Structure formats: structure tokens, C-alpha cells
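# Results of the structural survey
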Amino acid sequence: MASSLVCSWLTAACMSISCEDSSISMLSYSSTTASSSRRRKRAFVKCALSELSSIRNLVNSCLAFEPCDRFCKSSSNGVFSSEISIGDGSGNICLHHRRKKVPRAARSGEAMSIAVQPSMEAAVKKKPPTKQRRVVVTGMGVETPIGHDPDVFYSNLLEGVSGITEIEAFDCSQYPTRIAGEIKSFLTDGWVAPKLSKRMDRFMLYMLTAGKKALANSGITEEVMNELDKTRCGVLIGSAMGGMKVFNDAIEALRISYRKMNPFCVPFATTNMGSAVLAMDLGWMGPNYSISTACATSNFCILNAANHIIRGEADMMLCGGSDAAIIPIGLGGFVACRALSQRNSDPTKASRPWDTNRDGFVMGEGAGVLLLEELEHAKKRGANIYAEFLGGSFTCDAYHMTEPHPEGTGIILCIEKALAQSGVPKEDVNYINAHATSTPAGDLKEYQALVHCFGQNSELRVNSTKSMIGHLLGAAGAVEAVATVQAIRTGWVHPNINLENPDNGVDINMLVGPKKERLDIKITFVRFELAKNFCRSFLGHFTMLNLVLNEMIA
């Protein structure tokens, strides 16, 4: 407002002073000759153009808050000249005109100092601090070898049911490993359009069905979906291996002709396409991408999804992981790594974390998806809150491609960072769902790191879901996060099956036994790492106690 008044006053002053000669010329026009009249007309027009340019300069300077000396040059006697540019940057035409001495108060340089001051004061104002948003779990969906529903899945875990069987999807009789955690019966009816289900890789189908099941589990009906702000709903579900079968089939087709290739082979092989298709199906326009960090994939996806909510970029996020690598090239690749168990004669006994007779991990397949939601958003729609996500951290050993650091440095650092970020004391952590893949080196180093961090807690209980479903690669973190949330909900932790002869130095009292155990869970850790400890991640902590929930909702 002040700048507008100053501009108006300066404009009026400029016009009254600089057009003085013009006014005189107009009054004497009738008493001159024709030739002098023409000269006066030309002088008047020139004066008018010059004054119009001067007025425009004054107004532009005030509105743009630019330094006035860019256009005006003052002299010691008070006479100044203004420069204006007409045209584009490639061919400016500069016009100069000199005017009479004017009062100091009318000079635009001084007016500028008055106009700029209020803007500078406004720029230093700071935003008030905002309260950190809280993230809760309101939905879960799974596709696993022992169940396609979170409740069925966890019920089988509690009973010690193993999903490790002989592979039926293809002839693997020539492979030294012929067992896996294979999903035998999988239906997409009602979840995925038939046309898509015939073309998509199974990792995408697992992802789509688990994602939609998580929404159904959270009470997101069609009516609720229509009321959501879909620009604030996102999908972040990753995969370690992607569409291996689609890509492999394309290579086989290419041996005949490129014309035989599936036109969707490239997009359906990429790890992010599952998230993209699910978002298109739901119409969710928030953050949408995938992360692929081998067996830590789900961990990264869940933590990044939570961070989107904490930062206010989304209110709801479907997150997790999916993989379907039980195909010839997938099995053959891991066999070549010498990472798989070869206990073909007794599949259900093959996956045996912390047992001295373990001989490698067992491949699994499936998907796990969590629906994370901002607390107030969940309460507003009356959602059933299963757990609260408190935080987490990621680290890497930076030591060796397959061997863990001898002192477990990466694991310990990650645990400490997760505790600090989450703001919980380590004494409150009394349940850990460990990575424990059944590899000779990895299991023991992980156990030693856990003892280093939590060994003083006599209430601590540790188990491994992989003893029953195998290693689900990029889906492991999310599926085992679902198992952890279910442990919180039910108050029961599932057994470690096949733990018959524990490693030397392993405290059997810390590990859950062959039967399910009752446990009043305070804070839980879900911990995962790549097979043979290539990199480490730590998904911290889900907690849901009745007391905590009552305090949150009150």
C-alpha cells in the first residue's frame, strides 16, 4: 500500500514538472506560424513519449523492487537521465532524454528505498514449528506358501506348519536343489482382470492381490475409496528380482523371432510396474515408485512410505514387497551361488535357522503389503489400528559381497541408529523377528550382534519366520512385518521349527522353542538382511499395546 502511494505521488510530480513546457507550447499555439506549429507539434509528441517512458520506469521499479540506479543516473547538480529499453533482448533500442532539475523528494532513487523496506521485513518471518505426524498400520495383505490371508497365514505359523515342498512349477530333476517355498494354489479371481492376469509376471500378480487385500483388510470399501483424497494416497511396493519369467520368456521367443515376443515384456519385467498398475487401478495419484535393494527391498519401501506420511506428502501408503523367482533361471542362479539347501529328501526340515545342521537357505515366493496411514486420518475414518510404526534405519557393512563383517559392525550400528531415531530404550524391546535365513555364517553373526545390543534383556525372544516359509527375497521384509504385527495383535509368537541342535554359544533361552509362546510384547524389531549378509537393513519397530492405543485415540 505504501509503495502504491509513493508511486502515485511520484507519477503526479513527474507529470506536473516535466510537461510544463508542453503546456506553454499549447497555450501559444494559435499565435505561431504554420512551420513553427509543426515544430511545436513534433516537440510536444517527443515530450509526451519521453514522459510516458519515465512514468513507466518509475512504476516498474516500484512493483519489481529493483534497484533504481539500473535505470537512473544522478549527477551532483540534481539533473538525472533515465534509460529505457524497447524491444526484445536481441535488439534493444535505447532512448536517452535529459530533464530539468527536480526537487530531491521526487527522485525515484529515494522512493525506492521506502518501497523496498516493508518487503525485507516480511521476508524474515519464520513458520511456526509443526508437530510430527504419526504413522500407524491399518491394513495387511499377504500371498505366501502357507496362506493368502493374514489370519490364516499367522495361524499356520503358530502351529509350526511348513510351506517348503518339492517344486512343481517346472521340471527341476537335474538341479541339486529341488525344493522351495512354492505357492501351490493361487487365484486372481475378483482381484485382477483376466486379460492382465494372463500377461503379467507372477510377482506383479502377487503384489496386486496382496495390495488389494490390504485395503479390504483395512475396511476401505468402494464408498470409503470414493471419499479419499487420492492425490494423497500412494503406492511403494518393490521387488528384488522383478519380472524374471516374463523377461526369460521374451528371450526364448527372440530365438525364433522378435515378432514372437510379448509386447509387454519390457514394462512387465521392471520392478516398478506392479506399483504403477496398482495405482492406476485404484486411481491413487500420490507417491508411486518401487525400491529394489535385494532382500532389504521391503524394509526400504516401508520406511520410505512412512517418511512420505511423516513429511506430510501423503496420508495413506500401500507398501511392501513381492517376488516370484522360483523358475529355472532363478533356481539355477542361486544354485550357482551355492547358497541353497540341498535337503531334498525332507523338504520341511530344510530351513533351519541357528541349527548346526543347516546347509543354506530355501527359496520362497509371495508378497506382503501393509497399509500405512497417518494417525489422525485413520481415526477420522474409524479405521482399526493394528500397530504404530515408530521408525527405523539402514546401514551397510561395506565389507564383503557375501561374508558378514566379523564383528557385526553394520548390524550393531543399524540397531543403534534405529533405536535413536525411534526414541525407544533398548530395554523395552522384548521381541525380534530376525532375518536368520539358515545360512552358516549369517545366522550366527546376526545372533551375536543382537546379543551385543539386547543381551541384558532377560525377556527378549527371537524367532525366524523363514524356518517355515523360506526366504521370500524382496518380499521377506513385508511378509515378516505382517507376522510381527500379528504377534502384537494376538500376544503369541510363532516357534522356530527345526531348531534341534543350536549353534555353540547360542542361548536357547533367547530363541523361541519348537512351540508357540505367549508374550506380552512391548516394542518389537523386524530385522532383515540379504542372503549371506551382502547388505543390511533394519526395519524398526512396530508397537501396539492396548494402553498405547487408548492413549493415542483418547
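Residues numbered from 1 in each chain as written. Predicted model: local features only at pLDDT ≥ 70, side-chain atom pairs only at ≥ 80, totals over all residues. Heavy atoms only, no water.

## What to know about unusual backbone geometry
Let me state the cut-off plainly: Runs of H or I in DSSP of at least four residues are treated as helices and runs of E of at least two as strands, each being numbered from the N terminus. The cut-offs for exposure are 20% and 50% of the maximum accessible area for each residue type, with area from a 1.4 Å probe on protein chains only; residues under the lower value are buried, those over the upper are exposed, and the others partly exposed.
One non-glycine residue, Ala294, lies in the positive phi region at around 50 degrees. Residue placement: Ala294 occurs in the loop between β8 (288–289) and α11 (297–310). Note on Ala294: relative accessible area 24%, which makes it partly exposed. Located in the positive-phi region is Trp354, a residue other than glycine, with phi close to 65 degrees. Note on placement: Trp354 falls in the loop between α12 (328–336) and β10 (366–374). In this structure Trp354 comes out as buried when scored by relative accessible area, which is 0%.

## Points about the pattern of salt bridges
Cut-off, in case you're wondering: What makes a salt bridge here is a side-chain nitrogen of Lys or Arg within 4 Å of a carboxyl oxygen of Asp or Glu, nothing more.
Applying the stated rule across the entire model yields 21 salt bridges. Two residues, Arg352 and Asp355, come together in a salt bridge whose shortest N-O distance is 3.1 Å. In this structure Arg352 comes out as buried when scored by relative accessible area, which is 2%. Residue classification places Asp355 among the buried residues on the basis of a relative accessible area of 0%.

## Structural notes on the packing of aromatic side chains
For clarity, the cut-off: Note on aromatic pairs: the rings of Phe, Tyr and Trp (six-membered ring only in Trp) are paired at centre separations within 6.5 Å, and the planes decide the class, stacked below 30 degrees, edge-to-face beyond 60, tilted for the rest.
Considering all chains together, one arrives at 5 aromatic pairs under this definition. Here Phe170 and Tyr175 contribute two aromatic rings whose centre-to-centre distance is 6.3 Å and whose plane-to-plane angle is 75 degrees, an arrangement assigned as edge-to-face. We classify Phe170 as buried; its relative accessible area is 16%. Here Phe264 and Phe268 contribute two aromatic rings whose centre-to-centre distance is 5.1 Å and whose plane-to-plane angle is 15 degrees, an arrangement assigned as stacked. Residue classification places Phe264 among the partly exposed positions, given a relative accessible area of 29%. Among the residues examined, Phe268 registers a relative accessible area of 6% and is labelled buried.

## Some thoughts on the nonpolar core
How we decide: In these notes, a set of buried Ala, Val, Leu, Ile, Met, Phe, Trp, Tyr and Cys residues joined through side-chain atoms within 4.5 Å is what counts as a nonpolar core. Note on definitions: a residue-residue contact is assigned when non-hydrogen atoms from the two residues lie within 4.5 Å.
Phe153, Ile302, Leu370 and Leu372 are the most contacted members of the largest nonpolar core, which has 45 residues in total. Among the secondary structure elements, those contributing two or more residues to this core are β4 (135–143), α5 (150–158), α11, β9 (316–323), β10, β11 (387–389), α16 (466–469) and α17 (476–490). Examining the composition of this core, we find that 9 residues originate from one element, α17, more than from any other. Every residue in contact with Phe153, bar those within four places of it in the chain, is listed here: Val142, Thr144, Ile146, Gly147, Thr465, Ile469, Val479, Val482 and Ala483. One finds Phe186, Tyr206, Val235 and Val246 within the second-largest nonpolar core, a separate group that totals 36 residues.

## Considering the pairing of β10
Selection rule: Any two strands with at least two DSSP-identified bridges between them are counted as paired.
For β10, a buried count of 9 out of 9 residues is recorded, marking the element as mostly surrounded by other parts of the structure. By the alternation rule, side chains of β10 split into Gly366, Gly368, Leu370, Leu372 and Glu374 and Ala367, Val369, Leu371 and Glu373, which are all buried. As paired elements, β9 and β10 share 8 bridges and run antiparallel to each other. Residue pairing across strands places Met317 opposite Leu372, the latter belonging to β10.

## Regarding helix α9 (residues 244–254)
For α9, every residue scored as buried is listed here: Met244, Val246, Ala250 and Ala253. On the buried face of α9, the contacting elements are α6 (194–199) and α12.

## Side note on α17
The criterion, for reference: Take the residue count of a helix, subtract one, and multiply by 1.5 Å to get its expected span.
Compared with an ideal rise of 1.5 Å per residue, which puts 15 residues at 21 Å, α17 spans 21 Å between its outermost C-alpha atoms and is within 8% of the ideal. Burial analysis of α17 places 13 of its 15 residues in the buried class, the great majority of the element. One or two steps after α17, the chain reaches Gly491, where phi turns positive at roughly 80 degrees.

## Overview of the side chain of Asn433
Just so we agree on the cut-off: Two N or O atoms count as a polar contact when they lie within 3.5 Å, although within protein this holds only if one can serve as hydrogen donor and the other as acceptor, and sequence-adjacent residues are included solely when both atoms are side-chain atoms.
Tracing the backbone through its elements, the reader meets Asn433 in strand β13 (residues 429–433). Side-chain polar atoms of Asn433 contact the side chain of Tyr431, separated by 3.5 Å. Side-chain polar atoms of Asn433 contact the side chain of Thr465, separated by 3.0 Å.

## Description of the pairing of β9
Burial analysis of β9 places 8 of its 8 residues in the buried class, which makes it a mostly covered element. Burial along β9 is two-sided: Met316, Leu318, Gly320 and Ser322 and Met317, Cys319, Gly321 and Asp323, pointing in opposite directions, are all buried.

## What about the environment of Thr395?
Counting through the fold element by element, Thr395 comes out in strand β12 (residues 393–395). The spacing of Thr395 and Lys417 is 22 residues in sequence and 8.9 Å in space, taken between C-alpha atoms. A polar side-chain atom of Thr395 sits 2.7 Å from the main-chain carbonyl oxygen of Gly410.

## Here's the deal with the packing of helix α14 (residues 409–422) against helix α15 (residues 440–454)
Here is the rule we go by: Every angle, taken between N-to-C directions, lies between 0 and 180 degrees, and every axis is a line fitted to C-alpha atoms, over only the stretch in contact when it is a helix. Small angles under 35 degrees read as roughly parallel and large ones over 145 as roughly antiparallel, with 65 to 115 read as roughly perpendicular and the rest as oblique. Take the far helix as the reference: if the near one is turned anticlockwise from it by less than a right angle, the crossing is left-handed, and if turned clockwise, right-handed. Residue classes follow a fixed rule: Ala, Val, Leu, Ile, Met, Phe, Trp, Tyr, Cys and Pro count as nonpolar, while Asp, Glu, Lys and Arg count as charged, and any other residue, Gly among them, counts as polar.
Between α14 and α15, whose axes approach to 9 Å, the crossing angle comes to 40 degrees. As judged from the angle between their axes, α14 and α15 are oblique. In this structure, α14 crosses over α15, and the sense of that crossing is right-handed. Counted together, Ile411, Ile412, Ile415 and Leu419 of α14 and Lys445, Glu446, Ala449, Leu450, His452, Cys453 and Phe454 of α15 form the full contact between these two elements. In terms of residue class, the contact of α14 with α15 is made up of 8 nonpolar, 1 polar and 2 charged.

## Looking at the side chain of Glu374
The criterion, for reference: Only four residue types enter the tally: Lys and Arg on the positive side, Asp and Glu on the negative side, with His and both chain ends excluded.
You can see Glu374 is positioned in strand β10. Put simply, Glu374 is tucked away with no salt bridge, and the nearest opposite charge, on Arg133, sits 4.7 Å away. Separated by 2.9 Å, the side chain of Glu374 and the backbone nitrogen of His377 make a polar contact. The residues contacting Glu374, other than those within four sequence positions of it, are Arg133, Arg134, Ile309 and Asp315.

## What to know about the confidence of the model for the protein
For the record, the criterion: Per-residue confidence from the predictor is given as pLDDT, running between 0 and 100.
In the predicted model, the protein carries a mean pLDDT of 78, and the fraction of residues at 70 or more is 71%. In the model, residues 1–34 has pLDDT below 50 throughout and makes 35 contacts with residues more than four positions away in sequence or in other chains. In this model residues 529–554 is a low-confidence stretch, pLDDT under 50, and it forms 115 contacts with partners more than four residues away in sequence or in other chains.

## Quick word on the packing of α5 against α17
Packing of α5 against α17 leaves a shortest axis separation of 10 Å and a crossing angle of 80 degrees. When the axes of α5 and α17 are compared, the pair comes out roughly perpendicular. Contacts between α5 and α17 involve Pro150, Asp151, Phe153, Tyr154 and Leu157 from the former and Val479, Val482, Ala483, Gln486, Ala487, Arg489 and Thr490 from the latter. Partitioned by chemical class, the residues of the contact of α5 with α17 number 8 nonpolar, 2 polar and 2 charged.

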